[in-house]
Protein chains: 2
Amino acid sequence: MKEKNSIKHVTKDDKVLKSLLAYARKEAKRFEEEFFQLLRFPSISAETEHALDMQKTAEFTAKLLQEAGLKNAKVMPWKKHPVVLADSATEAGKEAAGKKKTSLLFYGHYDVQPAGDEALWKTPAFSPQLRKGRVYARGANDNKGQYLMHIKAFECFQKVMGGLPFPLKVIIEGEEEIGSPNLLSFVKKHKKKLAADVLLLSDTEMLSKNTPSLTYGLRGIVYEEVEVETGGRDWHSGMYGGVVVNAAEVLVLAFSRLKMADGRVGIPGFYDDVQAPSSKEISLMRSLIQGDASLKKEIYAHGFFYESNIYKKKIGRKGLMAKSKASEKESLFYEKTTTEPLLNLSGIEGGYTGAGSKTVITAKARMKIGIRLVANQDPAKITKLFRAYLRQVIEEIAPKGVKVSFHAAMGGGRPVLAKLDSPAILAASRALEEVYGRPVINIRSGGSIPIVAELIDCFKLTPVLMGFGLKEDAIHSPNESFWLKDFHRGIESSIRFLYYLSKKPLEKKPLEKN
Amino acid sequence: MKEKNSIKHVTKDDKVLKSLLAYARKEAKRFEEEFFQLLRFPSISAETEHALDMQKTAEFTAKLLQEAGLKNAKVMPWKKHPVVLADSATEAGKEAAGKKKTSLLFYGHYDVQPAGDEALWKTPAFSPQLRKGRVYARGANDNKGQYLMHIKAFECFQKVMGGLPFPLKVIIEGEEEIGSPNLLSFVKKHKKKLAADVLLLSDTEMLSKNTPSLTYGLRGIVYEEVEVETGGRDWHSGMYGGVVVNAAEVLVLAFSRLKMADGRVGIPGFYDDVQAPSSKEISLMRSLIQGDASLKKEIYAHGFFYESNIYKKKIGRKGLMAKSKASEKESLFYEKTTTEPLLNLSGIEGGYTGAGSKTVITAKARMKIGIRLVANQDPAKITKLFRAYLRQVIEEIAPKGVKVSFHAAMGGGRPVLAKLDSPAILAASRALEEVYGRPVINIRSGGSIPIVAELIDCFKLTPVLMGFGLKEDAIHSPNESFWLKDFHRGIESSIRFLYYLSKKPLEKKPLEKN
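Source: prediction; values computed, not measured.

**Remarks on the overall build of chain A**
Right, so step 1: Broken down by element type, chain A carries 18 helices and 18 strands.
Right, so step 2: Against the 2.2 N^0.38 benchmark of 24 Å for 514 residues, chain A shows a C-alpha radius of gyration of 25 Å, consistent with a compact globule.
Right, so step 3: C-alpha atoms of chain A, sized along the principal axes, occupy 85 × 55 × 50 Å.
Right, so step 4: Each of the 514 residues in chain A was classed as buried or not, and the buried ones make up 59%.
Right, so step 5: Sequence separation of at least 24 residues holds for 81% of the intrachain contacts in chain A that already meet a minimum separation of 6.
Right, so step 6: In the form shown here, chain A has an accessible surface area of approximately 21,100 Å², with 53% of it arising from carbon and sulfur atoms.
Right, so step 7: Charge-centre separation for chain A: the mean point of 80 positive side chains lies 4 Å from the mean point of 60 negative side chains.

The following block contains the structure:
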């Protein structure tokens, strides 16, 4: 099926869908202008001098929502940056009618990363420019292009049909780039208003150009800072070495019991709740990359972890892919990064690391441990196990007076795993296939989006993570961009998704947490 | 024996010794003035703006040596700072006569540490002041007070006896505080002139106030920087975690095989050449400190290494001191820090250690390892074993492409262990006992003085490390000071030592390296 003229895929009876898409095509130029307008606001959440820009961006976003039919879209002041809140079903009647339909919660964020080193940008970060089909500006992908496309889809429904045929709730926050510290409390405050069955957001990547992807899994996260103190001052290693306790060594030796050289996490109970992927998932994942050689080059890795001797010894030949022609065309990359938990030493520091030599035994050292979780590991439980185990190890290897302290450097985030046969996901898959003219690839992500996990947890949502990002978009880097073609294909995908969603039976609540 | 009036201890026949001491007493005031003069030079080797002060200090020192009878004392330009060189036996006749006598090489250094934070000094670092019996100035202990005392002793011999009755060589360098990088090459260039049997220097500590001490052992040192590189850039731990190799983890896990939690070094062959201390040495060392409680407080240690559960399990009750009243009056401090080798993690750094959280997998990390050696470990051999073992470990736990590099951050230093029954050491012991009125304590140091090891190696010297420093002198810190009483007792100890040394038989060359 050609992906060029997607109108061909509309079934004859779907006159409504045809009209919706026609409207989108007609307004395409204006949509692009609004996109550029949105990009001009330097809505940098991390920098206080942009507080006013944040307010203006939120107001602009609320206006777009109002024009898209969400008349009550409002900019709500909150603890730091305002939140844009809207919902389509406030009148009693509508609410009653909407009760039997699948309701949708749409999430986006209007704040962006700082520009970083301005000198590295070809055109200014907040002066959007179209070059070779790409829109260059901070936020073009992350997240303005990817939330605006859905607002435009809402608008199409408003103008063509008088609105969406099911309840829609919208939350567009301004603190995602700084960790969304205040979002959960806001959501809990407006729980009734925001309650829904399906979560829609576009803040993930496609597998590759023109490859429609649905992300159905995210890893969770726990991030701990550990500090060890063995005394009130550092010591000369000649005079005191052999007697005083080196804080950096305590951490290092403790880490070696947290994570074995073959990768296994040593915390008792760590793997208890891990849900293994199906063999079908494994097969698909292995086929997604043709061997590791070019991947290693692309990401500048000298080697991959599972190539080490100690890992191979542990797994044995049967555990890795069979040494056959097939393995040159396959890769363990996806299953390792998305279906397995990971304990990672994000940072460690202790003692003297400057130029030359300083013969010191340090009394203080710290490390930062990032733990990626998979379904159904629980961040609170893992944090508890982690701390208890580490305390126990340190109690054994260090004398009694040594102090160890823990600090959660970020709130924990649950892993996410959606059911692929849910009506919402089937609607999204169909929409994407029709627009891109190819089967959608359902992928799991190795990354975490804590707010997604929190929303799912709060409302028992089915997540539809319909992302249009590409690696070349270079988010968080200079010269961020977004393919304008995908902006339009995103609008069309959203229209089709919303349309098919409205035709689906009521979304079943997942029986268990994802 | 009272230490107050040491003249009482001169034997009736030793009229010469009596005259030497009387001269010293008569000139005491002038000696103090010369001390203060010497202290006024800001001879900071680490700072280029003091190059002229370095020259002046060297010249002043050479002048003092000339006035002490070493007529050929000269300031020799060398690679960086000049070296003061002198010897008493250049004329052919003298040299012939001196051939049968024990010859002495005296070492000192005229350079000092920088002042550091001037605001923390009560009086300026280079304006010496006498307060409550202590001379406050940078270099008062380290090393000006402690080398001047010997020059004054030489002067006594010159003025009273016409010179020392055996050959004396003097080397006073200006780079000790910056690691003496050029001294060995200088020594090798002047090898013939500097060759001797006994090495005399005062750059160590006494056990405590009024406790005469001879340091007969020093630990050696090897200092390695290890860097691991697993890729050309860092990676996001969500997207790539589980596949790429974390350089900090490679180092950490490698370290855990270098040194076990119970303290044992894992390098095969590491302990092969270690010479165990005698039970007599052990008994003495254990008796030097009355239990660990106040020592821990004094050095701000929360606990001592050998108090950990894992260590106790390894050693068992028989390895540690018996749990009896005796153990509260003893300490393992000295035997641990002076008779055992140590592998120490001086510093480690990798990944993100700033505020907050950054979910990164680092591609580069490094650690600095300081290894203290005891007799008869060899630094070159240990370095070789260390590197080979670490390479082997990393080859096992990391994939093939991972790079590891080693760099010796300082030249290795051999350990030093002198024979306590050597004539020079017996002469020094007697001298100190007579001055302080108490038996001398022979102690080993946990620290290293690489130049001592190098000189000993070069000339097969017996080291006489006659130190008068005290912890309260606060060397390398603000408000460094030196007890003026010990300056004078040092002069007297030196006189007596030189006198008794001249009466001893020719120093036997040690059969093996120390």
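Now that the structure has been shown, we can carry on.
**Thoughts on the interface of chain B and chain A**
Right, so step 1: With 84 residues of chain B in contact, the opposing surface of chain A contributes 84 residues.
Right, so step 2: Carbon and sulfur atoms supply 58% of the area that chain B and chain A bury against each other, a total of about 6,600 Å² over both sides.
Right, so step 3: Counting across the chain B and chain A interface gives two salt bridges.
Right, so step 4: Of the charged contacts, one joins B:Glu249 and A:Lys259 as a salt bridge, the two residues approaching to 2.8 Å between their closest N and O atoms.
Right, so step 5: Linking chain B with chain A are 42 residue pairs in polar contact (both at pLDDT 80 or more).
Right, so step 6: Broken down by element, the residue count for the side of chain B that touches chain A peaks at 10 residues, all from strand E11 (residues 342-351) of chain B.
Right, so step 7: Each residue belonging to the side of chain B that touches chain A can be placed in one class, and the counts come to 36 nonpolar, 29 polar and 19 charged.
Right, so step 8: When strand E11 (residues 342-351) of chain A meets E11(B), the two strands line up antiparallel, connected through five bridges. Counted as the bridge partner of A:Glu349 is B:Glu349 from E11(B).

**Section: the relation of the copies chain B and chain A**
Right, so step 1: You can overlay chain B on chain A at an RMSD of 0.1 Å; the transform is a turn of 180 degrees with a shift of 0.0 Å along its axis. The relationship between the two copies is best expressed as a two-fold rotation axis. Relative to the rotation axis, the C-alpha of B:Glu349 is the closest in chain B, positioned 2.4 Å from it.
Right, so step 2: A share of 100% of the interface residues of chain B reappears at the interface of chain A, consistent with the copies meeting face to face through the same patch.

**A look at the environment of A:Arg138**
All names here are of chain A.
Right, so step 1: Of note, Arg138 is situated in the loop between strand E5 (134-136) and helix H5 (140-161).
Right, so step 2: Exposure remark for Arg138: the relative accessible area of 1% places this residue in the buried category.
Right, so step 3: For the pair Arg138 and Phe126, spaced 12 residues apart in sequence, the C-alpha separation works out to 6.3 Å.
Right, so step 4: In this structure Arg138 touches Leu39, Val112, Gln113, Pro114, Ala115, Trp121, Ala125, Phe126, His476, Ser477, Pro478 and Glu480, once residues within four positions along its chain are discounted.
Right, so step 5: Within polar-contact distance, the side chain of Arg138 engages the backbone oxygen of Ser477 at 2.8 Å.

**Brief notes about a nonpolar patch on the surface**
Right, so step 1: A cluster of nonpolar residues, A:Val16, A:Val160 and A:Met161, forms a patch on the protein surface that exposes about 200 Å² of accessible area.
Right, so step 2: Within the secondary structure, A:Val16 is located in helix H1 (residues 15-26).

**Side note on the sheet that holds strand E9 (residues 220-229) of chain A**
Right, so step 1: Taken in spatial order, the eight strands of this open sheet run E14(A)-E9(A)-E13(A)-E11(A)-E11(B)-E13(B)-E9(B)-E14(B), and their pairing is antiparallel. Since the sheet does not close on itself, it has two edges, and those belong to strand E14 (403-408) of chain A together with strand E14 (403-413) of chain B, each with one partner. Averaged over all pairs of adjacent strands, the angle between their axes in this sheet comes to 20 degrees, without regard to strand direction.
Right, so step 2: The strands that helix H15 (residues 379-397) of chain A touches are E9, E11, strand E13 (364-373) and E14 of chain A; relative to E9(A), the one it contacts most, it runs at about 25 degrees.

**Section: the nonpolar core**
Right, so step 1: Core analysis: the largest hydrophobic core is formed by 254 residues, its most contacted members being A:Phe497 and B:Phe497.
Right, so step 2: Once residues lying within four places of it in the same chain are set aside, the contact partners of A:Phe497 are A:Leu104, A:Leu200, A:Ala424, A:Ala427, A:Ala428, A:Ala431, A:Val464 and A:Met466.

**Points about the pairing of strand E2 (residues 83-87) of chain A**
Residue and element names in this part refer to chain A.
Right, so step 1: Most of E2 sits out of view: five of its five residues are buried.
Right, so step 2: Both faces of E2 are covered, namely the face carrying Val83, Leu85 and Asp87 and the face carrying Val84 and Ala86.
Right, so step 3: Adjacent in sequence and paired antiparallel, strand E1 (residues 74-76) and E2 are bridged by six residues.
Right, so step 4: Of the strand pairs in this sheet, E2 and strand E6 (residues 168-173) are connected by four bridges, and their pairing is antiparallel.

**A few points about the packing of aromatic side chains**
By convention here, two paired aromatic rings are described through the distance between centres and the angle between planes.
Right, so step 1: This structure, assessed with the given rule, holds 22 aromatic pairs over all chains.
Right, so step 2: When the ring of A:Phe35 is compared with that of A:Phe487, the centres are 4.5 Å apart and the planes differ by 20 degrees; the resulting orientation is stacked. With A:Phe35 in helix H2 (residues 28-40) and A:Phe487 in helix H18 (residues 484-503), this residue pair connects regions lying 452 residues apart in the sequence.
Right, so step 3: Here the aromatic residues A:Tyr240, B:Phe333 and B:Tyr334 are joined through ring pairs into a cluster of three or more.
Right, so step 4: When the ring centre of A:Trp483 is taken as reference, the NZ or CZ atom of A:Lys209 above it lies at 5.0 Å.
Right, so step 5: It is A:Lys259 that lies over the ring of A:Phe305; its NZ or CZ is 5.9 Å from the centre.

Rules used in this analysis
Residues numbered from 1 in each chain as written. Chains lettered and ligands numbered in written order. Predicted model: local features only at pLDDT ≥ 70, side-chain atom pairs only at ≥ 80, totals over all residues. Heavy atoms only, no water. Helix = DSSP H or I, 4+ residues; strand = E, 2+ residues; numbered from the N terminus. Rg over C-alpha atoms; globule rule 2.2 N^0.38 Å. Buried < 20%, exposed > 50% of the residue type's maximum accessible area, 1.4 Å probe, protein only. Contact = heavy atoms within 4.5 Å. Areas by Shrake-Rupley, 256 points an atom, 1.4 Å probe, with all protein chains shown as cover. Lys, Arg positive; Asp, Glu negative; His and termini not counted. Charge placed at Lys NZ, Arg CZ, Asp CG, Glu CD. Buried area = accessible area lost by both parts, 1.4 Å probe. Salt bridge = Lys/Arg side-chain N within 4 Å of Asp/Glu carboxyl O. Polar contact = N/O pair within 3.5 Å; in protein donor to acceptor, adjacent residues only side chain to side chain. Nonpolar A, V, L, I, M, F, W, Y, C, P; charged D, E, K, R; others polar. Pairing = 2+ DSSP bridges. Least-squares fit on C-alpha atoms with pLDDT ≥ 70 in both. Patch = residues over 30% accessible without salt bridge, like charges linked within 9 Å, V, L, I, M, F, W, Y side chains within 5 Å. Axes fitted to C-alpha atoms, helices over the stretch in contact; angles between N-to-C directions. Core = buried A, V, L, I, M, F, W, Y, C linked by side-chain atoms within 4.5 Å. Phe/Tyr/Trp six-rings, centres within 6.5 Å; stacked < 30°, edge-to-face > 60°. Lys NZ or Arg CZ within 6 Å of the ring centre and 35° of its normal.

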